[in-house]
Amino acid sequence: MSQREFDLIHDFFAKRVSPAEDLPVGIGDDGAVLSPGAGRLAWVIDTINEGVHFPPDASGAAVGHRALAVNLSDMVAMGAAPRWMLLSLSLPSVDEDWLSDFSDGLLALAEKAGVSLAGGDTTRGPLSVAVTLLGPLHGEAVTRGGARPGDRLLVSGTLGDARAGLDIALGDGQPADAVESELLHRYLYPQARLALSPLLARHARAAIDLSDGLVGDLSHLLAASGVGAEIHSHRLPRSRALMAHAAEESESLALSGGDDYEILCAVDPASVQAMVEAAAEQGVTLSDIGQVSAEPGLKVLDANGRPVSPESGFSHFGAEDA
Ligand SMILES: [Mg+2]
């Protein structure tokens, strides 16, 4: 990129980042220097590509928000506090309005999450955003591999909204009413469950964030833990908006729809009440959707106890390799 373009990018990011004590050398040098303090760190990376993870006409603000939110969600699932961010941005061209919008979306969420932008890199190419986050664990790491038979499976918030919102985005992108606006917003602006991170460290045996859909992501957790599970489709938490918009499909959307970025965790029955109450104090509802079993495999049962054949997770927008 030309010098002028680099200066522009500098203006949109470096100028807007304030110094932090645990970041003695930040954005603008060849590398960042951190003062991480004692203890272990968690480290995550997630890349989002135009046409795969978000539609081509998504606003800069929505893309900036998403690039960070999906990484925050991974940090939460590990029981870690997100603290430092690196950004790699590939842009087809320098569009000042878009960039300004993008940095607004990214940096507004960074401020809310207590994350410092420590450095970045910009290249010319198809629109793609990679973010890495680093930060201290709240306690022991919460992995996918700790679930034991008898554990309850809890899920935060509501499921299926983002997938319904994606369908609206892929239509004309114009929500017809307040219900559609809410679902579209759920898709465009995923909210990582930051408040759950310390609670997972205290109470959960295993956790995963729901990026690809409940069935797919739960299967990853079960495989990593070497266990199975039985869940109940009628217990899957669904929003009023989803019920108003697509009541009939709501169970299948909740089972398989991606992009909700809710948290699924396995919790010892003795800890469930404490976990649910602590989450409620933080304004997060946790729903008990079933139980971990010794027998491998995932069983999805309907309200009458009959097995439902779970569709595999929906892929992200246009994704071949989501
Ligand atoms: Mg994840």
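One structure accompanies this document, and this report is about it. The model shown is predicted, which means the values in this text are computed figures rather than measured ones. (Residues numbered from 1 in each chain as written. Predicted model: local features only at pLDDT ≥ 70, side-chain atom pairs only at ≥ 80, totals over all residues. Heavy atoms only, no water.)

1. Thoughts on the overall build of the protein chain
Item 1. Secondary structure summary: the protein chain contains 10 helices and 11 strands in total.
Item 2. For a compact globule of 322 residues, the expected C-alpha radius of gyration is about 20 Å, and the protein chain comes in at 20 Å, within 12% of that figure.
Item 3. For the protein chain, the residues scored as buried account for 50% of the 322 residues in total.
Item 4. Put simply, of all contacts in the protein chain between residues at least 6 apart along the chain, 85% involve residues at least 24 apart.
Item 5. In the structure as shown, the protein chain presents an accessible area of about 14300 Å², 49% of it carried by carbon and sulfur atoms.
Item 6. Here the protein chain contributes 21 positive and 45 negative side-chain charges, whose respective centroids are spaced 7 Å apart. (Helix = DSSP H or I, 4+ residues; strand = E, 2+ residues; numbered from the N terminus. Rg over C-alpha atoms; globule rule 2.2 N^0.38 Å. Buried < 20%, exposed > 50% of the residue type's maximum accessible area, 1.4 Å probe, protein only. Contact = heavy atoms within 4.5 Å. Areas by Shrake-Rupley, 256 points an atom, 1.4 Å probe, with all protein chains shown as cover. Lys, Arg positive; Asp, Glu negative; His and termini not counted. Charge placed at Lys NZ, Arg CZ, Asp CG, Glu CD.)

2. Side note on the coordination of the magnesium ion
Item 1. The protein atoms donating to the magnesium ion are Asp74 (OD) and Asp209 (OD), with metal-donor distances spanning 2.0 to 2.1 Å. Of this pair, Asp74 sits in helix 2 (residues 60-77) while Asp209 is found in strand 6 (residues 204-209), placing the two residues 135 residues apart along the sequence. (Donors = N, O, S within 2.8 Å, 3.2 Å for Na, K, Ca; no water.)

3. So, the sheet that holds strand 9 (residues 286-293)
Item 1. The strand order 6-8-5-9-7-10-11 describes an open sheet built from seven strands, whose pairing is mixed. Edge strands, defined here as strands with exactly one partner in the open sheet, are strand 6 and strand 11 (307-308).
Item 2. With two bridges joining them, strand 10 (residues 297-301) and strand 11 adopt antiparallel strand pairing. Bridging across to strand 11, Val300 finds its partner in Val308.
Item 3. Along the sheet, helix 2 makes contact with strand 6 and strand 8 (263-267), crossing strand 6 at roughly 170°.
Item 4. Of the strands in this sheet, strand 5 (152-156), strand 8 and strand 9 touch helix 10 (residues 269-281), which is tilted by about 10° from strand 5. (Pairing = 2+ DSSP bridges. Axes fitted to C-alpha atoms, helices over the stretch in contact; angles between N-to-C directions.)

4. As for the pairing of strand 6
Item 1. Burial within strand 6 is extensive, with five of its six residues counted as buried.
Item 2. Strand direction decides the pairing type here: strand 6 and strand 8, joined by five bridges, are antiparallel. From the neighbouring strand, Ala207 faces strand 8, where its bridge partner is Cys265.

5. Considering the pairing of strand 7 (residues 228-232)
Item 1. Across the five residues of strand 7, four count as buried, placing the element largely inside the fold.
Item 2. Where strand 7 lies against strand 9, four bridges are found, and the strand directions are antiparallel. The partner of Ile231 across the bridge, within strand 9, is Gly290.
Item 3. The sheet contact formed by strand 7 and strand 10 spans five bridges and is parallel.

6. Quick notes on the packing of aromatic side chains
Item 1. Evaluation of the coordinates by the stated rule reveals two aromatic pairs.
Item 2. With centroids separated by 6.0 Å and ring planes inclined at 75°, the aromatic side chains of Phe13 and Phe102 adopt a geometry described as edge-to-face. Taken together, the residues Phe13 in the loop between helix 1 (3-12) and strand 1 (41-49) and Phe102 in helix 3 (residues 96-113) connect sequence positions 89 residues apart.
Item 3. A relative accessible area of 5% places Phe13 in the buried class.
Item 4. Between Trp98 and Phe102, the aromatic rings sit 5.3 Å apart at their centres with planes inclined by 15°, giving stacked as the arrangement. Separated by four residues within a single helix, Trp98 and Phe102 lie in helix 3, roughly one turn from each other. Per residue, the accessibility class of Trp98 equals that of Phe102, and both read buried.
Item 5. Through pairs of rings, three or more aromatic residues link up here, namely Phe13, Trp98 and Phe102.
Item 6. Sitting over the ring of Tyr187, Arg66 keeps its end group 4.6 Å from the ring centre. (Phe/Tyr/Trp six-rings, centres within 6.5 Å; stacked < 30°, edge-to-face > 60°. Lys NZ or Arg CZ within 6 Å of the ring centre and 35° of its normal.)

7. Details of the side chain of Asp217
Item 1. Following the sequence through the fold, Asp217 ends up in helix 7 (residues 214-225).
Item 2. It turns out Asp217 is buried and unbridged, and the closest side chain with the opposite charge, Arg144, is 5.8 Å from it.
Item 3. In this structure Asp217 touches Ile208, Asp209, Leu210, Ser211 and Asp212, once residues within four positions along its chain are discounted. (Salt bridge = Lys/Arg side-chain N within 4 Å of Asp/Glu carboxyl O.)

8. Brief notes about the pattern of salt bridges
Item 1. Under the counting rule described, the total for this entry stands at 15 salt bridges.
Item 2. Two residues, Asp288 and Arg152, come together in a salt bridge whose shortest N-O distance is 2.9 Å. Here Arg152 lies in strand 5 and Asp288 lies in strand 9, a separation of 136 residues in the sequence.
Item 3. Between Asp268 and Arg205 there is a salt bridge; the shortest N-O distance is 3.0 Å.

9. Digging into unusual backbone geometry
Item 1. Even without being glycine, Asp259 reaches a positive phi, approximately 70°.
Item 2. Phi at Tyr261 takes a positive value of approximately 55°, unusual for a residue other than glycine.
Item 3. Here Tyr261 shows up in the loop between helix 9 (250-256) and strand 8.

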